[in-house]
Amino acid sequence: MAAAEKGKKKRASLSSFTILLIILVALAVITVIMAACGVEGIEGATLSGVLTAPVFGFQDAIGVCLFVMILGGFLGIVTETGALDAGIAALVHKLKGNELVLIPILMAIFSIGGTTYGMCEETVPFYLLLAATMVAAGFDSLTGAAVVLLGAGCGVLGSTVNPFAVGVAVDALSGIGIAVNQGIIIALGAILWLTTTIISIIFVMRYAKKVKADKGSTFLSLQEQQDMMNEWGMTDSEAEAADGQEMAPKMTGRQKATLVVFALTFVIMIVSFIPWEDLGFDGFVAGQSYEEVTTTMTGEEVATFIDDANDGATTTTIAEPVEAVSVSEEEVTPAWSSFLTGIPLGQWYFDEASTWFLLMALIIGVIGGVSESRFVKAFINGAADMMSVVLIIALARSITVLMASTGLDMWILNNAANALAGMSAIIFAPASITTSLERKPQLTAMTSSPAFSPVCTSTSESPTNTASFFAIPSAFSAVSAMSGYGLQRTPSLGPTAKSIRSPKYSRLNFCTALSG
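Calculation criteria
Residues numbered from 1 in each chain as written. Predicted model: local features only at pLDDT ≥ 70, side-chain atom pairs only at ≥ 80, totals over all residues. Heavy atoms only, no water. Helix = DSSP H or I, 4+ residues; strand = E, 2+ residues; numbered from the N terminus. Contact = heavy atoms within 4.5 Å. Areas by Shrake-Rupley, 256 points an atom, 1.4 Å probe, with all protein chains shown as cover. Phe/Tyr/Trp six-rings, centres within 6.5 Å; stacked < 30°, edge-to-face > 60°. Buried < 20%, exposed > 50% of the residue type's maximum accessible area, 1.4 Å probe, protein only. Lys NZ or Arg CZ within 6 Å of the ring centre and 35° of its normal. Core = buried A, V, L, I, M, F, W, Y, C linked by side-chain atoms within 4.5 Å. Polar contact = N/O pair within 3.5 Å; in protein donor to acceptor, adjacent residues only side chain to side chain. Axes fitted to C-alpha atoms, helices over the stretch in contact; angles between N-to-C directions. Parallel < 35°, antiparallel > 145°, perpendicular 65-115°, else oblique. Nonpolar A, V, L, I, M, F, W, Y, C, P; charged D, E, K, R; others polar. Expected span 1.5 Å × (residues − 1). Arc of directions from axis to C-beta. Salt bridge = Lys/Arg side-chain N within 4 Å of Asp/Glu carboxyl O. Left-handed = near helix turned anticlockwise from the far one by under 90°. pLDDT = per-residue confidence, 0-100.

Draft legend 1. The overall build of the chain, seen in detail. Helix and strand counts for the chain come out as 21 helices and 4 strands. Within the chain, residue pairs in contact and separated by at least 24 positions form 81% of the contacts whose partners lie at least 6 positions apart. Accessible area of the chain: about 25,400 Å², with a carbon and sulfur share of 65%.

Below you can see the structure in the form of structure tokens.
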């Protein structure tokens with residue numbers, strides 16, 4: 001019997017890559033069937049479209065992919081100095097017996113970042129750091145991941161002043177003449193934020209306490225536990241604890257200086273991602289000035305502009321004569337805080353963050369006394385450790401690329417709006433959230449709010465609730481995607497004046513007037 005069982009093949013679970021490829025092919029087949037059935041607005045996916053989707057997905061996500069790779073290299077340099085391990089050991093020694101205190105403090109910090117400015121993809125560096133910290137504290141790596149994901153996720157879910165969710169939704173409604181009570185939005189967001197954060201903190205603390213008391217309580221498999229200990233297990237510290245030694249870990253001057261710079265790196269990164277101007281603070285753009293530049297546009301240029309604003313999801317043809325003018329603001333004097341990357345703090349995105357981490361990796365290498373050969377080797381190894389993450393991001397983005405090229409994403413959104421018209425308000429609220437989860441975070445709030453506003457009216461819902469409904473799925477999308485889109489991706493909502501941001505955050509006002 002035992003021999004028969006040993007002879008049985010072990011059923012291996014599918015990898016993330018395989019699951020994403022299956023989803024990609026399944027969606028392609030669905031679009032082909034829908035197109036064959038004559039569904040309006042759907043183009044059947046072609047073989048070339050499916051094969052090139054991962055490549056274009058990588059191209060579309062190149063910013064976040066480079067950020068993740070450079071981040072891996074940065075962490076590789078910090079690890080090479082030995083400062084990170086020494087710092088974690090010192091922290092665990094200081095908190096001995098009170099390690100649980102870390103969980104509510106860190107989750108509260110992450111949730112504040114989530115509710116104020118949509119801190120989500122910026123949390124990527126903290127997964128590795130907290131995984132190592134929590135393992136050293138006697139928990140497991142899943143505890144570290146939960147602290148980051150649930151902390152920031154609950155904050156984004158209960159967005160109060162988050163400009164990338166609430167701000168975009170409110171602006172979209174205001175753009176079509178609908179007044180919104182932002183006080184109610186902030187109150188609803190605060191209730192959702194605090195409630196979910198408290199529940200999440202209690203959940204994570206209870207789980208961590210169980211794991212610390214009994215390692216068998218972990219959700220990780222035996223193989224995952226072994227991998228975890230091989231990666232982050234501190235065998236020396238455990239041996240000392242078993243012998244009853246209570247000597248505090250010693251840190252060199254270089255290691256202390258490295259940790260200070262290491263902490264400063266993340267503080268600057270967080271500050272640089274917060275949209276301070278949208279929150280009413282202009283300190284980081286002091287000295288910046290613009291001048292207006294007016295350019296005449298042809299009908300073909302107008303059509304190209306609209307299609308580009310919609311991420312290629314539309315094909316615009318203008319048959320009638322067009323008189324169009326593009327009014328842009330070009331920077332004359334840069335802001336004082338833009339000397340490093342050309343972009344002021346508060347307007348950074350992945351390109352600027354990548355530049356910052358690359359610079360700080362060099363500085364930490366010098367401070368830590370890492371030789372040139374060790375630096376290159378550690379940076380390459382650190383970046384290599386992140387390649388699986390990079391490929392997952394690119395492959396996941398390929399699904400978005402395929403849905404946009406076939407029109408499936410807009411078809412789902414438009415039909416969802418029609419299906420919810422006249423529905424009971426009790427059913428409308430959760431249904432509107434659910435049907436919007438597949439959209440890009442900012443596109444959800446920007447396109448869905450105006451589209452669903454009449455539907456809200458028919459169900460006796462207020463425009464304020466409309467903004468809340470589509471700020472919430474925007475948060476869900478951001479948390480699940482872990483790769484955000486800036487406001488420069490704002491789509492066109494029709495033949496109305498729009499104000500969007502270019503990839504370099506220059507303001508561009510676009511107005512068109514069609515004449516017969």
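Draft legend 2. Layout of the packing of aromatic side chains. For the structure on display, the rule yields 16 aromatic pairs. When the centroid spacing of 5.8 Å and the interplanar angle of 5° are considered together, the rings of Phe-74 and Phe-262 count as stacked. With Phe-74 in helix H4 (residues 62-81) and Phe-262 in helix H13 (residues 253-273), this residue pair connects regions lying 188 residues apart in the sequence. Considered together, Phe-74 and Phe-262 belong to a single accessibility category, that of buried residues. On the numbers, 6.0 Å between centres and 55° between planes, the contact of Trp-276 with Phe-284 is tilted. Three or more aromatic residues link up through ring pairs in this structure, and these residues are Phe-67, Phe-74, Phe-110, Phe-126, Phe-262, Phe-266, Tyr-349, Phe-350 and Phe-357. Over the aromatic face of Phe-139 sits the side chain of Lys-212, whose NZ or CZ is 5.5 Å from the ring centroid.

Draft legend 3. Expanded view of the nonpolar core. Core analysis: the biggest nonpolar cluster contains 62 residues, and Phe-74, Phe-110, Val-147 and Phe-262 have the highest contact counts within it. At 10 residues, the largest contribution of residues to this core is made by H4. For Val-147, the contacting residues outside a window of four places in its chain are Ile-103, Leu-106, Met-107, Phe-110, Leu-130, Met-134 and Val-204. Membership of the second largest hydrophobic core comes to 14 residues, among which are Ile-42, Val-50, Ala-53 and Leu-395.

Draft legend 4. A look at the side chain of Ser-354. Mapped onto the secondary structure, Ser-354 falls in helix H15 (residues 350-367). Within the local environment of Ser-354, its side chain forms a polar contact with the backbone nitrogen of Phe-67, the two atoms lying 3.4 Å apart. At a separation of 2.8 Å, a polar atom in the side chain of Ser-354 contacts the main-chain carbonyl oxygen of Phe-350. Once residues within four sequence positions are removed from consideration, Ser-354 is found in contact with Gly-63, Leu-66, Phe-67 and Ile-70.

Draft legend 5. Representation of the packing of H13 against H15 in the model. Here H13 crosses H15 at 170°, and the two axes come no closer than 10 Å. Classed by the angle they form, the pair H13 and H15 counts as roughly antiparallel. The residues of H15 that touch H13, namely those facing Arg-254, Ala-257, Thr-258, Val-261, Phe-262, Leu-264, Thr-265, Phe-266, Ile-268, Met-269 and Phe-273, are Ala-353, Trp-356, Phe-357, Met-360, Ile-363, Ile-364, Val-366 and Ile-367. Each residue belonging to the contact of H13 with H15 can be placed in one class, and the counts come to 16 nonpolar, 2 polar and 1 charged.

Draft legend 6. Looking closely at helix H16 (residues 372-385). Here H16 is 14 residues long and its end C-alpha atoms lie 20 Å apart, about the 20 Å a rise of 1.5 Å per residue gives. Residues of H16 that are buried: Phe-375, Ala-378, Phe-379, Gly-382 and Ala-383. Down the axis, H16 shows its buried residues gathered within 130° of arc, on one side only. Among the exposed residues of H16, those pointing more than 90 degrees away from its buried face are Lys-377, Ile-380 and Asp-385. On the buried face of H16, the contacting elements are H4, H15 and helix H17 (387-406).

Draft legend 7. Just the pattern of salt bridges, in detail. Within this structure, the stated rule accounts for 3 salt bridges. Of the charged contacts in the structure, one is a salt bridge between Arg-397 and Asp-60, with a shortest N-O distance of 3.2 Å. In this pair, Arg-397 is assigned in helix H17 and Asp-60 in helix H3 (residues 47-60), connecting sequence segments 337 residues apart. A residue is classified by how much of its surface remains accessible, and Asp-60, at 26% relative accessible area, is partly exposed. Close ionic contact of Glu-80 with Arg-374 constitutes a salt bridge, the shortest N to O distance being 3.0 Å. One end of the pair, Glu-80, is in helix H4; the other, Arg-374, is in helix H16, and 294 residues separate them in sequence.

Draft legend 8. Region of the structure containing H13. With 21 residues, H13 should reach 30 Å at 1.5 Å per residue; the first-to-last C-alpha distance of 31 Å fits that figure. Residues Gln-255, Thr-258, Val-261, Phe-262, Thr-265, Phe-266, Met-269, Ser-272 and Phe-273 constitute the buried set of H13. End-on view of H13: buried residues confined to an arc of 135°, all on one side of the axis. Relative to its buried face, H13 has exposed residues pointing more than 90 degrees away, namely Gly-253 and Val-260. Contact partners of the buried residues in H13: H4, helix H5 (83-94), helix H6 (102-117), helix H7 (124-136) and H15.

Draft legend 9. Here's a closer look at the packing of H7 against H13. Relative to each other, H7 and H13 sit at 145°, their axes nearing to 12 Å. Handedness of the H7/H13 crossing: left-handed. For the pair formed by H7 and H13, the contact residues are Pro-125, Phe-126 and Leu-129 on the first element and Phe-262, Phe-266, Met-269 and Ile-270 on the second. The residue makeup of the contact of H7 with H13, split by class, is 7 nonpolar, no polar and no charged.

Draft legend 10. A look at the side chain of Thr-31. Its location among the elements puts Thr-31 in helix H2 (residues 16-36). The class for Thr-31 is buried, based on a relative accessible area of 1%. Each residue touching Thr-31, except ones within four places of it in the same chain, is listed here: Ile-42, Glu-43, Gly-44, Ala-45, Thr-406 and Leu-408.

Draft legend 11. Structural context of the environment of Asp-409. Within the secondary structure layout, Asp-409 lies in helix H18 (residues 408-420). You can call Asp-409 buried: its relative accessible area is 10%. Note: C-alpha distance between Asp-409 and Ile-42 (367 residues apart in sequence) is 9.4 Å.

Draft legend 12. The confidence of the model for the chain, seen in detail. Counting all residues, the mean pLDDT for the chain is 74, and 71% of those residues have values of 70 or more. Every residue in residues 235-245 is under pLDDT 50, and counting partners more than four places away or in other chains gives 3 contacts. Predicted confidence is poor over residues 437-516, with pLDDT under 50, and the contacts of this stretch with residues over four places away or in other chains come to 215 contacts.

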